[in-house]
Amino acid sequence: MLDAQHGSGTVVCGELGTGPEGAKVLPGLLGVSWGIDLAASSPTDAGSLPNVDVNLDALLGAGPSHGYVPAGLPELRNAVAERFALGGLPTTSRQVLVTNGAQHALALAFSQLTKRGDPILVDEPTYPGVIDLLAARGLQPVGLPRRSGGFDLDGLRRLVTKHDIRLAYLQTSVHNPTGYTATDRELNLLAECCDELGLTVLEDLVLADLRYDGSSLAPLAARVKHASVVVVGSVSKLGWGGLRIGWLRGQAGLIDRLIRSRLADDLGSSIPSQVISTAILANFDVIRESRQEALKTKAALAISLLAEHCPGAVAHVPYGGLSLWIDLPDDSAEALAQRASRGGVVIATGAAASVASSGASNIRICFDRPEAQLVEGIRRLGIAWDSSRDEA
């Protein structure tokens, strides 16, 4: 349960349960064996992966003979560093740590940058997985309402001062769950604000390559002059979540400390997954263009289907990413999700993305599904929608 305090448009939350009952992300990852899953915001399969031929000798030669590379394969670290450099952020391979997906990267960063009880600024709504991480570590999320691609800088200053915040977790490119994207000007203003406050930022760029307009803006880390920014990335949304490959980009000293600290929990990421991820980055432009076009088309289809089957529900038009954030005319998200589940389709409620006792009037659906599955899933959602309207 969330123990929330409201004031001045901001929210400070208490601890969440850390078991399956309390986790925000876990239920969606346990699998849906009996219906259509529109809840998990992830690629439906590995169809976006390039063809990679790796014989055993080549695989064994990709790293040391014992197979343990806590920092990540040099080839992959170099490839990630090159992507950052092309995006306007000069980076060396020593500044990159390969992790077991973005969730692991965030966990490692929080382990080094925080202590139990610290207040952490986050978008409201935000990525559900970060709520789980904060709860598990006894960290206190402070919500900064996110209503567009930009940031409420006056609110940010007020919150940092009021709660003595040292660290912010922000999605500065494509925002999950809303699909909003920031402009150059908005990112420059945010950078100036972070410099002014001396704020450390954990910058989530997991969806940065999935802007539908094809643009690739320089990250916040390339814009700040004094503030410290640690960047999180992944191949999970561009390629496939099953690879479990992500990364952190930071100062070399921090990366060295993170490499040493991770050894207490794991000894490095899968070599085969790193080889495939290196191939993804070698084919980056082709894969990115294909994914952007496919997602843009599916987003338009999902909005059209929603208007047909759920009149009165209003989707925020996304500018990137895999999901629709939907406003309901009342606080019926949980009831609608339950009816939909009984009808064979699973959706996420807004509460899963909220650090407040809110989200009751929002749902999120992932449209990164085969067309037939998406059409049928929203049709089933429409049946649940009609049923809920009839009972209202």
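Our subject is the structure listed above.
Here the structure is a predicted model, which is why all the values come from computation and not from measurement.

Draft legend 1. How the structure looks around the packing of aromatic side chains. Under the defined criterion, the tally for this structure stands at zero aromatic pairs. Its end group placed over the ring of Phe284, Arg83 keeps NZ or CZ at 3.7 Å from the ring centre.

Draft legend 2. Seen up close, the sheet that holds strand 12 (residues 323–327). In spatial order, the strands read 11-12-15-14; together these four strands make up an open sheet with antiparallel pairing. Edge positions in the open sheet fall to strand 11 (314–316) and strand 14 (348–349), since each of these has one partner strand only. Looking at chain direction, strand 14 and strand 15 (residues 362–366) are connected through two bridges and run antiparallel. Paired with Thr349 across the strands is Ile363, a residue of strand 15.

Draft legend 3. Representation of the nonpolar core within the structure. Counting 83 residues, the largest nonpolar core has Ile326 and Leu381 as the members making the most contacts within it. If you tally residues by element for this core, the top one is helix 10 (residues 284–309), at seven residues. Ignoring anything within four residues of it in the chain, the contact list for Ile326 reads Leu306, Ala313, Val314, Ala315, Ser361, Asn362, Ile363 and Ile365. Core analysis: the second largest hydrophobic core is formed by 29 residues, Leu108, Tyr169, Val232 and Leu258 among them.

Draft legend 4. Spatial organisation of the pattern of salt bridges. A full pass over the atoms with the stated rule returns 14 salt bridges. Between Arg157 and Asp154 there is a salt bridge; the shortest N-O distance is 3.5 Å. One end of the pair is Arg157 and the other is Asp154, both in helix 6 (residues 153–163) and three residues apart, which spans about a single turn. When its relative accessible area of 54% is taken as the criterion, Asp154 is described as exposed. Glu376 serves as the salt-bridge partner of Arg380, at 2.9 Å between the closest nitrogen and oxygen. Here the residue Arg380 and the residue Glu376 both occupy positions in helix 12 (residues 371–391), the gap between them amounting to four residues, near one helical turn. Since its relative accessible area comes to 24%, Arg380 is described here as partly exposed. Judged by relative accessible area, Glu376 falls into the partly exposed class, the value being 23%. Here the salt bridges share partners, and the residues they tie into one network are Asp154, Arg157 and Glu196.

Draft legend 5. Structural context of the pairing of strand 9 (residues 228–234). The element strand 9 is largely enclosed, with a buried count of six among its seven residues. By the bridge criterion, four bridges tie strand 9 to strand 10 (residues 246–249) in an arrangement that is antiparallel. When the bridges of strand 10 are listed, Ser234 appears paired with Gly246.

The rules behind these values
Residues numbered from 1 in each chain as written. Predicted model: local features only at pLDDT ≥ 70, side-chain atom pairs only at ≥ 80, totals over all residues. Heavy atoms only, no water. Phe/Tyr/Trp six-rings, centres within 6.5 Å; stacked < 30°, edge-to-face > 60°. Lys NZ or Arg CZ within 6 Å of the ring centre and 35° of its normal. Pairing = 2+ DSSP bridges. Helix = DSSP H or I, 4+ residues; strand = E, 2+ residues; numbered from the N terminus. Core = buried A, V, L, I, M, F, W, Y, C linked by side-chain atoms within 4.5 Å. Buried < 20%, exposed > 50% of the residue type's maximum accessible area, 1.4 Å probe, protein only. Contact = heavy atoms within 4.5 Å. Salt bridge = Lys/Arg side-chain N within 4 Å of Asp/Glu carboxyl O.

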